[in-house]
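One-letter residues, chain by chain:
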Amino acid sequence: MKILGILASHKEHGLNAQMLQHVLDNVDEGVETETIYLENYDITPRKYPEENPVLDQLADKLMESDVWVFSAPTYWRECPGRLKDFFDCMRPKFVYFKDNGDTIPGPFKDKHYLSISSCYMSTTENFLTGITDETFKTIDRVMSAAGVIKTGEIVLPGTFGMKEIPEKKLELCAKYGHKISKKEEKDDSTVKRYIQLFFMIAIMALITMGIQVPLKAIMPMDNFWISYVSFVVIFFVLLSVILHVVTFNKHRRR
């Protein structure tokens, strides 16, 4: 069992590096750890993968690791350029290309990853506006294409002027250190997702029927087709809202 830390910060010993190190310091006994600092590697999009042996070296490190821990600050609501360069250059190694240009997961399929990010904005502002969301979305998008399974997220807001990481965040890092030490061969959350989906549909159906009750005053709801169409429209709107929140905005913001 090996866990690889991937630091994509401008500061090698900054807050993001400290959080990453605290995760790695708290892995279970017998688990090997290693950290790579992307600033130390020549990763530039102007060099094609076949012309840059550094990418082969990084790919080897990724392959020999079971879990990857990405740690990168959020700048301008996005991940830093160094991490984006890493993802862009490693694309041919993350995925296989079909004849029509589509991609399928590459050789790293079924590995796991943990994401860490930070931002200057306060906890409240990050919670309300999701400053760090785009950073996590970028990581999730690349890892999803590569078939790598998500383990969790850690967010550290309010870093402007921060000298020490709050104790609660250190405890969270330690918790994830233990969590990612347990090797999982596959995503075992399928049953949990089906249960969540069942209750989601049940609640939406109940709300939809509740909304239809006052509509009887303005619409002939006794007519089967009118009742059916109104139910479908209301249900679709509710489903769209919930899926948007769950799929795009469900990140650890505090």
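Everything numeric in this text was worked out from a predicted model, so none of it was measured.

1. Observations concerning the packing of helix H2 (residues 53-63) against helix H3 (residues 81-94)
Argument step 1. Packing of H2 against H3 brings their axes to within 11 Å, and their N-to-C directions diverge by 70°. Between H2 and H3, the crossing angle belongs to the class labelled roughly perpendicular. Here the hand of the crossing between H2 and H3 comes out right-handed. The residues of H3 that touch H2, namely those facing Leu-55, Asp-56, Leu-58, Ala-59 and Leu-62, are Phe-86, Cys-89, Met-90, Lys-93 and Phe-94.
Argument step 2. Residue classes in the contact of H2 with H3 are distributed as eight nonpolar, no polar and two charged.

2. With respect to the side chain of Lys-93
Argument step 1. If you trace the backbone, Lys-93 turns up in helix H3.
Argument step 2. Engagement of the side chain of Lys-93 in a polar contact is seen with the side chain of Asp-56, the distance being 2.7 Å.

3. What about the sheet that holds strand E3 (residues 67-73)?
Argument step 1. Strands sit in the order E2-E1-E3-E6-E7 across an open sheet of five strands; the sheet is parallel. In this open sheet, the two edge strands, each paired with only one partner strand, are strand E2 (32-37) and strand E7 (149-156). Across the sheet, the axes of successive neighbouring strands diverge by a mean angle of 15°, strand direction being ignored.
Argument step 2. Pairing of strand E1 (residues 2-7) with E2, which is carried by six bridges, proceeds in the parallel orientation. What sits directly across from Leu-7, in E2, is Tyr-37.
Argument step 3. Here helix H1 (residues 15-25) sits on the sheet and contacts E1, E2, E3, strand E6 (112-118) and E7; the angle it forms with E6, its principal contact strand, is near 145°.

4. Some details on H1
Argument step 1. Every buried residue of H1 is accounted for by Leu-15, Asn-16, Ala-17, Met-19, Leu-20, Val-23 and Leu-24.
Argument step 2. As for H1, its buried residues are in contact with E1, E2, E3, E6, E7 and helix H6 (167-179).

5. Topic: the nonpolar core
Argument step 1. Counting 30 residues, the largest nonpolar core has Trp-68, Phe-70, Leu-83, Phe-86, Phe-94 and Met-143 as the members making the most contacts within it.
Argument step 2. Of all the elements in the fold, those that place two or more residues in this core are E1, H2, E3, H3 and helix H5 (133-146).
Argument step 3. The element that contributes the greatest number of residues to this core is H3, accounting for six residues.
Argument step 4. Residues within four places of Met-143 in sequence aside, it is in contact with Trp-68, Phe-70, Phe-87, Phe-94, Tyr-113 and Val-148.
Argument step 5. Residues Leu-24, Val-27, Val-31 and Ile-116 belong to the second largest nonpolar core, which totals 24 residues.

6. A short note on the side chain of Thr-208
Argument step 1. Note that Thr-208 resides in helix H7 (residues 190-215).
Argument step 2. At 2.7 Å, the side chain of Thr-208 forms a polar contact with the backbone oxygen of Met-204.
Argument step 3. Ignoring sequence-local partners within four residues, the contact set of Thr-208 consists of Phe-231, Ile-234, Phe-235 and Leu-238.

7. Considering unusual backbone geometry
Argument step 1. One non-glycine residue with positive phi stands out, namely Trp-76, at about 50°.
Argument step 2. With respect to the helices and strands, the residue Trp-76 is situated in the loop between E3 and H3.

8. As for the packing of aromatic side chains
Argument step 1. For the coordinates displayed, the defined rule picks out 15 aromatic pairs.
Argument step 2. Plain terms: the ring middles of Phe-94 and Phe-108 are 5.8 Å apart, the flat faces sit at 70° to each other, and that makes the pair edge-to-face. Here Phe-94 is found in helix H3, whereas its partner Phe-108 is found in the loop between strand E5 (103-105) and E6, with 14 residues between them in sequence.
Argument step 3. Residue classification places Phe-94 among the buried positions, given a relative accessible area of 1%.
Argument step 4. Taken together, the ring pairs connect Trp-68, Phe-70, Phe-86, Phe-87, Phe-94, Phe-108 and Tyr-113 into an aromatic cluster.

How each quantity is defined
- Residues numbered from 1 in each chain as written.
- Predicted model: local features only at pLDDT ≥ 70, side-chain atom pairs only at ≥ 80, totals over all residues.
- Heavy atoms only, no water.
- Axes fitted to C-alpha atoms, helices over the stretch in contact; angles between N-to-C directions.
- Helix = DSSP H or I, 4+ residues; strand = E, 2+ residues; numbered from the N terminus.
- Parallel < 35°, antiparallel > 145°, perpendicular 65-115°, else oblique.
- Left-handed = near helix turned anticlockwise from the far one by under 90°.
- Contact = heavy atoms within 4.5 Å.
- Nonpolar A, V, L, I, M, F, W, Y, C, P; charged D, E, K, R; others polar.
- Polar contact = N/O pair within 3.5 Å; in protein donor to acceptor, adjacent residues only side chain to side chain.
- Pairing = 2+ DSSP bridges.
- Buried < 20%, exposed > 50% of the residue type's maximum accessible area, 1.4 Å probe, protein only.
- Core = buried A, V, L, I, M, F, W, Y, C linked by side-chain atoms within 4.5 Å.
- Phe/Tyr/Trp six-rings, centres within 6.5 Å; stacked < 30°, edge-to-face > 60°.

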